[in-house]
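Below, each chain spelled out in residue letters.
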Amino acid sequence: MLYSRDRTIGYIRGDTVGFIGFASEDHAARAACIAHHALARRRSEAPRSVPGEYLFGYTGEGRFVVARSGVLARLVPPEPLSGREDWGFEIELRPDESVSVFAMARARLMWNALRASSPAHGRTEVPSVASWRVPSYEQQFAPA
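Residue positions are counted from 1 within each chain, in the order its sequence is given. Local features are withheld for residues below a pLDDT of 70 in this predicted model, meaning they are given only at 70 or higher, and side-chain atom pairs are given and counted only at 80 or more; totals for whole chains, interfaces and linings count all residues. By convention in this description, side-chain values take in all heavy atoms of the structure and omit both hydrogens and water.

(A) The arrangement of the overall build of the protein in detail. Secondary structure follows DSSP: runs of H or I at least 4 residues long count as helices, runs of E at least 2 residues long count as strands, and numbering of each begins at the N terminus. A count of helical and extended segments in the protein gives three helices and seven strands. Moving toward the C terminus, one meets the helices and strands of the protein in the order β-β-β-α-β-β-β-β-α-α. The cut-offs for exposure are 20% and 50% of the maximum accessible area for each residue type, with area from a 1.4 Å probe on protein chains only; residues under the lower value are buried, those over the upper are exposed, and the others partly exposed. Considering the protein as a whole, with its 144 residues, one finds that 44% of them fall into the buried category. In what follows, residue pairs with any heavy atoms lying within 4.5 Å of each other are defined as contacts. A separation of at least 24 residues holds for 55% of the contacts in the protein among residues at least 6 apart in sequence. About 7900 Å² of surface is accessible on the protein, with carbon and sulfur atoms providing 52% of the total. Here the open area of atoms and residues is found with the Shrake-Rupley method and a 1.4 Å probe, where only the protein chains shown may cover a residue.

(B) Spotlight on helix α2 (residues 100-116). Any helix carries an expected span of 1.5 Å times its number of residues minus one. Taking 1.5 Å of rise per residue, 17 residues should cover 24 Å, and α2 covers 24 Å from first to last C-alpha, within 8% of that figure. Along α2, the residues that are buried comprise A103, R106, A107, M110, W111, A113, L114 and R115. Contact partners of the buried residues in α2: β1 (2-4), β2 (7-13), β3 (16-22), α1 (25-42) and β7 (87-92).

(C) Examining the nonpolar core more closely. The criterion is simple. A nonpolar core is a set of buried Ala, Val, Leu, Ile, Met, Phe, Trp, Tyr and Cys residues joined through side-chain atoms within 4.5 Å. The biggest cluster of nonpolar side chains holds 30 residues, and the ones touching the most others in it are F19, V65, F89 and M110. Those elements that place two or more of their residues in this core are β3, α1, β5 (62-67), β6 (70-76), β7 and α2. In terms of residues, this core owes the most to one element, α1, which gives nine residues. Setting aside chain neighbours within four positions, we find V65 in contact with A29, A32, C33, Y54, L55, G70, V71, L72, A73 and L75.

(D) Expanded view of a nonpolar patch on the surface. A surface patch of nonpolar side chains, about 270 Å² in accessible area, is lined by V99, V101 and F102. Its location among the elements puts F102 in helix α2. Looking at F102, the relative accessible area reads 41%, which means it is partly exposed. Like charges are joined within 9 Å and nonpolar side chains (Val, Leu, Ile, Met, Phe, Trp, Tyr) within 5 Å, but only among residues with over 30% relative accessible area and no salt bridge; these make up the patches. The term salt bridge refers to a side-chain nitrogen of Lys or Arg lying within 4 Å of a carboxyl oxygen of Asp or Glu.

(E) Layout of the packing of aromatic side chains. Note on aromatic contacts: the rings of Phe and Tyr and the six-membered ring of Trp form a pair at centre separations within 6.5 Å, being stacked when their planes are under 30 degrees apart, edge-to-face when over 60 apart, and tilted otherwise. Applying the stated criterion across every chain yields a total of four aromatic pairs. Ring centres of F19 and W111 lie 6.3 Å apart, and the angle between their planes is 15°; on these two criteria the pair is classed as stacked. Of the two residues, F19 is situated in strand β3 and W111 in helix α2; the sequence distance between them amounts to 92 residues. Its relative accessible area of 2% is what places F19 among the buried residues.

(F) Structural detail: the side chain of E25. Here E25 is to be found in helix α1. When its relative accessible area of 18% is taken as the criterion, E25 is described as buried. In this structure E25 touches F56, Y58, R63, L75 and W87, once residues within four positions along its chain are discounted.

(G) Representation of the pairing of β2. Both β1 and β2 contribute to a ladder of three bridges, which runs antiparallel. Paired with S4 across the strands is R7, a residue of β2. A pair of strands is labelled paired if DSSP reports no fewer than 2 bridges between them. Where β1 hands over to β2, the hairpin turn is made up of two residues, of which R5 adopts a positive phi near 50°. Where β2 meets β3, four bridges bridge the pair, whose relative direction is antiparallel. Following the sheet pairing, I12 is matched in β3 by V17. Linking β2 to β3, which pair antiparallel, is a turn of two residues; within it G14 sits at a positive phi near 60°.

Right under this line is the structure:
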């Protein structure tokens, strides 16, 4: 499990990093776009889709966030029977990233991108789900 201030924010399961705590499918999808773009940049890949431009895809395996470049993430719906009523998303790591120390580094990278995307920069807890925003293309991909 991944924690921030004693609060569960996500998890690492094998080659998958997941984040939870979003009020809606759309909030989770926007956050997945932000996390995926941060991961693509870390991998030294130019993200092939504009942040915020995505569709929902549905298969027998679940719901997905899909962009022009392909599947970005799998959405995790609420599980009221288990007591979790929020939305989440999961992003698959590459095989070379699934070693625990690398998976944790990738999870931290994505979490930092999500924290930076909230209006309350620097917060270490999950921002109010209503406060998630997708940064502009220029903000997201400006040279450092």
